[in-house]
Amino acid sequence: MPHVALVVPAIGREGITKQVANQIKVLQQENIDVFLIVLTIYNSAVMAEFGVRLSEHNVIELQQPAPYLSVQALLKSYSTIRPVLKFLKRNKVSMVVAHAAYAHFVMRLAKAVGYLSRYPFILHQHFHGLQYAQFPVNSLRRFIVNKLNQILAKLFDDSHIYISKAVKADVEENLVRIKKQGILYNPIDTEQALAESKEVNILLAAYREAFVIVLPGRLDHNKGQLFFARVLEQFLRQREIRIGKLMVLIVGSGEIESELEAEIAESNVLQHYVRLVGELPNINLRYLLHLAHLVVVPSFVEGFSFVALESLAAGKMLLVSDAGGLKEVVTDGKTGFVFKAGDKRDCLAKLNYIYENRDKELINRAKIEQDLKLKFSYEQHKRDFLQHVYSISVK
């Protein structure tokens, strides 16, 4: 088997890192030498949380200023090509799996330069987000960047992997459609043991009588936390729920943290029912999801949502928007409840229904088990990933 390098913009507590960690484990289980190229910052502690161990000689951290593809990143990306190719050549890597738009662009350039220096390699592009829904081609700069990407993709991409049908449609409509492609849902390892967390137990100690709602994920306008806070305020004003009987825990960090703090502090209702928890290690987050009564994912833009999948595996009630790939994870009325993204009335109605019937069995456990086994299992992901990657490489 050829040596494989995975390329990622950053390693942190988000869905892409979980997917990269899963794929590293898949490859290592097959005794394949795996290498990791991180364009910005590599957090080895986070990888360890997901059970991944890599020698420092198998990792290169390029410390670029930002993990997103932008005009500034485009102009600076050429400086990464030399160290990337040097790393690939030194480790005899002949196959690359690149994750997310910035890594896609860098590796297309690297492959172009590699051809000129007679060092070709197979390039699989793994798409995670609805990048065009989030960053539409609505300016001359973005048009030029996207046109360049289209040309490079046609020339140098050997295959495309998508985490959902929604992501596939987004890429095909706005970038390019190539012959070799496939949808590979993020997996969940249902055999992974759940570890009790002292930190989470302490966190929940004050809310033993509360209906606990958890909003996990990066704090970002596209993730919808501010939207849900405003829906929640309306819900609480209608219900007049006694303090201590309901608690909303917002887990994560990000650019809108201060905005959320201000929204909560300025509301004489929300300040009694909402708490910003900050980031949690994945093992603690899984335990918190296990103890929650309801998990909410109110995104405006979402390629898939790993936290929704983790919540399904924990057997939790889910309330999610219909953004992107979320409706491929949750079946409305069966495995959870789905509202129209950005629709306060619809979200409020579903929230009211769930709360009014909180003592009833509202989800189909058999359907959840079926989805986890047939669509989102780790073993299925492993088989599909290896088949996709190595079917391309065999000549």
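This text follows the structure it describes.
It should be emphasised that the depicted structure is a prediction, and the values quoted were computed from it without experimental measurement. (Residues numbered from 1 in each chain as written. Predicted model: local features only at pLDDT ≥ 70, side-chain atom pairs only at ≥ 80, totals over all residues. Heavy atoms only, no water.)

Let us look at a nonpolar patch on the surface. Residues Val137, Leu140, Phe143 and Ile144 make up a contiguous nonpolar surface patch of roughly 390 Å² in combined accessible area. Relative to the elements of secondary structure, Phe143 occurs in helix α6 (residues 140–156). (Patch = residues over 30% accessible without salt bridge, like charges linked within 9 Å, V, L, I, M, F, W, Y side chains within 5 Å. Areas by Shrake-Rupley, 256 points an atom, 1.4 Å probe, with all protein chains shown as cover. Salt bridge = Lys/Arg side-chain N within 4 Å of Asp/Glu carboxyl O. Helix = DSSP H or I, 4+ residues; strand = E, 2+ residues; numbered from the N terminus.)

Moving on to the environment of Tyr115. Mapped onto the elements, Tyr115 comes out in helix α4 (residues 101–116). In the structure, Tyr115 is positioned 41 residues away from Phe156 in sequence and 9.9 Å away in space, judged by C-alpha atoms. Look past the residues within four positions of Tyr115 in its chain and what remains in contact with it is Pro120 and Phe156. (Contact = heavy atoms within 4.5 Å.)

Let's shift gears to helix α15 (residues 365–374). Ile368, Asp371 and Leu372 are the residues of α15 that are buried. Down the axis, α15 shows its buried residues gathered within 95° of arc, on one side only. Projecting away from the buried face of α15 at angles above 90 degrees are the exposed residues Ala366, Glu369, Lys373 and Leu374. Looking at the packing, one finds that the buried side of α15 touches α12 (306–313). (Buried < 20%, exposed > 50% of the residue type's maximum accessible area, 1.4 Å probe, protein only. Arc of directions from axis to C-beta.)

Enumeration according to the criterion identifies 18 salt bridges in this entry. Of the charged contacts in the structure, one is a salt bridge between Asp157 and Arg108, with a shortest N-O distance of 2.8 Å. Taken together, the positions of Asp157 in the loop between α6 and β6 (159–162) and Arg108 in helix α4 put the pair 49 residues apart, joining distant regions of the chain. With relative accessibility at 8%, the residue Asp157 sits in the buried group.

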